[in-house]
Amino acid sequence: MGQNFNTNKFTIGPWMCSMDLFLRKGGNITGIIANVMRAFRAKYRPLLLSRGEYVPTGTLRDNDIVGAIADAIAKNVGKLTPQVVRKDEKGMVIKNDYLARLLKLRPCPEMSTYDFLYRIASDLVYTSNSFSVIFWNEDFTRVTSIQPITTKSFRIFEDDKHNILFRFRWDYDGETYTVPYQCVIHLKARYNKKRFLGTSPDIELKRSLDLIETSGETVKNIVNRSNALAGYLKYNNLADNEELKQIAKDFQEAYMNADNAGGIAAIDSTVEFKEISQRTPNVPTNQITFLRDNVYRYYGVNEKVLTSTLSDQEWISFYENVIEPVAIQLGYEFTYKLLTPREIGYGNKIEFTANLLQYATLQTRDTIGGNMFDRGAMTINEYRALMYYGPVEDGDVRMVSLNYVKAGDQSLYQVGKDGSKEEPPQDKQRKAMEAAARAYFEAMKGG
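Computed from a predicted structure; not experimentally measured.

(A) Fine view of the side chain of Ser 132. When you line up the elements, Ser 132 lands in strand 7 (residues 129–136). Apart from the residues lying within four places of it in its own chain, the contact partners of Ser 132 are Phe 116, Ile 120, Ile 146, Gln 147, Pro 148, Cys 183, Val 184 and Ile 185.

(B) Representation of the environment of Phe 116 within the structure. Take Phe 116: it is sitting in helix 4 (residues 113–127). For the pair Phe 116 and Arg 106, spaced ten residues apart in the sequence, the C-alpha separation amounts to 8.1 Å. Contact partners of Phe 116, with chain neighbours within four places excluded, come to Pro 107, Met 111, Ser 132, Ile 146, Pro 148 and Phe 334.

(C) Representation of the sheet that holds strand 7. One open sheet accounts for three strands, arranged 8-7-12; its pairing is antiparallel. Pairing within the sheet leaves two strands with one partner each, and these edge strands are strand 8 (143–149) and strand 12 (184–188). Averaged over all adjacent pairs, the angle separating strand axes in this sheet is 20°, with direction ignored. Inspection of the sheet shows strand 7 paired to strand 8 by six bridges, in the antiparallel sense. The residue bridging Val 133 from the neighbouring strand is Gln 147, located in strand 8. Strands in contact with helix 9 (residues 312–338) are strand 7, strand 8 and strand 12; relative to strand 12, the strand with the most contacts, it is inclined by about 155°.

(D) Broad picture of the environment of Ile 156. The topology assignment puts Ile 156 in strand 9 (residues 151–158). Sequence separation between Ile 156 and Leu 197 is 41 residues, and the spatial gap between their C-alpha atoms is 8.4 Å.

(E) Quick look at the packing of aromatic side chains. Per the stated rule, a full pass over the model turns up 14 aromatic pairs. Pairing Trp 170 with Tyr 172 gives two aromatic rings, centres 5.1 Å apart and planes at 45°, and the pair type is tilted. The class for Trp 170 is buried, based on a relative accessible area of 8%. On the accessibility criterion, Tyr 172 (68% relative accessible area) is exposed. Ring geometry for Trp 315 and Phe 318: centres 6.4 Å apart, planes at 75°, overall edge-to-face. In this pair, Trp 315 and Phe 318 both sit in helix 9, three residues apart, roughly one turn of the helix. Judged on exposure class, the residue Trp 315 and its partner Phe 318 are both buried. Ring pairing ties together the aromatic residues Phe 131, Phe 154, Phe 166, Phe 168, Trp 170, Tyr 172 and Tyr 177, which thus form one cluster. Just above the ring of Tyr 191 sits the side chain of Lys 188; from NZ or CZ to the centre is 5.1 Å.

(F) Structural detail: the packing of helix 2 (residues 64–77) against helix 4. Taken N-terminus to C-terminus, the directions of helix 2 and helix 4 make an angle of 140°; their axes are 8 Å apart at the nearest point. Classified by the angle between their axes, helix 2 and helix 4 sit oblique to one another. Crossing hand, helix 2 versus helix 4: right-handed. Side by side, helix 2 and helix 4 meet where Val 66, Gly 67, Ala 70, Asp 71, Ile 73, Ala 74, Lys 75 and Val 77 of the first sit next to Tyr 114, Leu 117, Tyr 118, Ala 121, Ser 122, Val 125 and Tyr 126 of the second. The class makeup of the residues in the contact of helix 2 with helix 4 is eleven nonpolar, two polar and two charged.

(G) Quick peek at unusual backbone geometry. Look at Phe 140: it is not a glycine, yet its phi comes out positive at around 60°. The topology assignment puts Phe 140 in the loop between strand 7 and strand 8. Within the chain, Ser 308 stands out as a residue other than glycine whose phi angle is a positive 55°. Looking at the secondary structure, you find Ser 308 in the loop between helix 8 (303–307) and helix 9.

(H) Structural view of the pairing of strand 9. In terms of burial, strand 9 is largely enclosed, as seven of its eight residues are buried. The pairing of strand 9 with strand 10 (residues 164–170) spans seven bridges and is classified as antiparallel. Bridge assignment links Ser 153 to a residue of strand 10, and that residue is Arg 169. Counted along the chain from strand 9 to the antiparallel partner strand 10, the turn is five residues long, and its residue His 162 has a positive phi close to 65°.

(I) Molecular detail of the pattern of salt bridges. Under the definition given, this model contains twelve salt bridges. Here Asp 71 and Lys 75 are joined by a salt bridge, their closest N and O atoms 3.3 Å apart. Within this pair, Asp 71 and its partner Lys 75 are both found in helix 2, separated by four residues, close to a single helical turn. Put simply, Glu 351 and Lys 349 hold a salt bridge, and the shortest N to O gap is 2.9 Å. For Glu 351, a relative accessible area of 27% corresponds to the partly exposed category.

(J) Focus on helix 3 (residues 98–105). Along helix 3, the residues that are buried comprise Leu 99, Ala 100, Leu 102 and Leu 103. Seen end-on, helix 3 carries its buried residues on one side only, within an arc spanning 160°.

(K) The arrangement of the nonpolar core in detail. Of all hydrophobic cores here, the largest spans 56 residues; its most connected members are Tyr 299 and Phe 334. Counting residues per element, this core draws most heavily on helix 9, at ten residues. Those residues in contact with Phe 334, other than ones at most four positions away along the chain, are Leu 103, Phe 116, Ile 146, Ile 185, Leu 339, Ile 350 and Phe 352. Ile 156, Tyr 177, Phe 196 and Leu 197 belong to the second-largest nonpolar core, a separate cluster that totals 15 residues.

(L) A look at a negative patch on the surface. A contiguous patch of negative charge on the surface is contributed by Glu 382, Glu 393, Asp 394 and Asp 396. Checked against the element boundaries, Glu 382 lands in helix 12 (residues 380–386).

(M) A look at helix 4. Given a rise of 1.5 Å per residue, 15 residues ought to cover 21 Å, and the 21 Å separating the end C-alpha atoms of helix 4 matches this to within 8%. When you tally the buried positions in helix 4, you get eleven out of 15 residues, the bulk of the element. Among the residues of helix 4, those classed as buried are Thr 113, Phe 116, Leu 117, Ile 120, Ala 121, Ser 122, Asp 123, Leu 124, Val 125, Tyr 126 and Thr 127. A positive backbone phi angle near 65° is found at Ser 128, which sits one or two residues after helix 4.

About the criteria used
Residues numbered from 1 in each chain as written. Predicted model: local features only at pLDDT ≥ 70, side-chain atom pairs only at ≥ 80, totals over all residues. Heavy atoms only, no water. Helix = DSSP H or I, 4+ residues; strand = E, 2+ residues; numbered from the N terminus. Contact = heavy atoms within 4.5 Å. Pairing = 2+ DSSP bridges. Axes fitted to C-alpha atoms, helices over the stretch in contact; angles between N-to-C directions. Phe/Tyr/Trp six-rings, centres within 6.5 Å; stacked < 30°, edge-to-face > 60°. Buried < 20%, exposed > 50% of the residue type's maximum accessible area, 1.4 Å probe, protein only. Lys NZ or Arg CZ within 6 Å of the ring centre and 35° of its normal. Parallel < 35°, antiparallel > 145°, perpendicular 65-115°, else oblique. Left-handed = near helix turned anticlockwise from the far one by under 90°. Nonpolar A, V, L, I, M, F, W, Y, C, P; charged D, E, K, R; others polar. Salt bridge = Lys/Arg side-chain N within 4 Å of Asp/Glu carboxyl O. Arc of directions from axis to C-beta. Core = buried A, V, L, I, M, F, W, Y, C linked by side-chain atoms within 4.5 Å. Patch = residues over 30% accessible without salt bridge, like charges linked within 9 Å, V, L, I, M, F, W, Y side chains within 5 Å. Areas by Shrake-Rupley, 256 points an atom, 1.4 Å probe, with all protein chains shown as cover. Lys, Arg positive; Asp, Glu negative; His and termini not counted. Charge placed at Lys NZ, Arg CZ, Asp CG, Glu CD. Expected span 1.5 Å × (residues − 1).

Set out below in structure tokens:
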């Protein structure tokens, strides 16, 4: 991967984009394309001459507590469903176009949508910043892939013409690249100190994590000492210092090692072993629990989140506090970075949604789903999916509780019609004459 501001081409790994392709007929460029074009035409200036922010990646990826938190949050973010919502003459509709299929199935060649969202959310936990580079086709009319990147270091800065650029060192190959910030999906956490970046958790969690690590070492030492034999040897004969040291060394190598699992030592009358009783300190469980909960509070989770034992209300609270803010950021970033200003002006947008009932108990599903089904807000197959059943043929219809008719047939049902076309006048006249004839003959028979 590489880039040169003196040319109109840049490459990232196996991809290459040509800036000449930004020019449309007549040479006019506007909107997003103009921003990207200006960014690549700008000459790269020394860092001291540009305003920007630089942050190395976090050091929390090897911590087991933060790793468990990242996994719990990322697994739930990975369940979000991206939707491309377009507006036509009938109103807002969910489209299954090329962009929608790309986002729902495989945003980049090596990742499914679940893996893609999982990576974004986990990076957000570890570093409070998540970056994904957008790749376009040659004429910049279609997105070909969106690549999440894990960086060794990165910098977001403005050049002398106020173009915002993103410079990073990719962890994948160790190379350094610069791309327009407009071509980067950037999510932030704790966005409260800097202009471009979220606040890194490294410094804020350093004290708690260091104390937890120290407490862990204390527990390790307690366990090691609990199985150790401590004491001194009393030698009953005269010996110099060197001889005593050798006797102690031989005794230690023979009986105070891992091979002596039975803990039995054999000595003669010349040596007497005096054991020293050790007071084993208590494991600081309360302190460790407090420090661990402090890390949990920082990320808005608890033990139930990590063990998936939340109740319905607890899960909704976790979703609204932790998952939904990520979904909102995803929607804003993808809408602004992937859609044109014209599309956005017409009300088109990209959303990331979650079916909260999927995480409810079966009883709650039945109660809420049944009410939605009766009111025509849910199809037969949607209700079956909610109750863990597979779809059925002709099940994509909504029913309303008027003895359960199709939602589109309610007015016909209420006026007593079956939805068929009105009969021609000649057919009505013929049926009326037949009915009159039958009544006449019935009357003659009776007379």
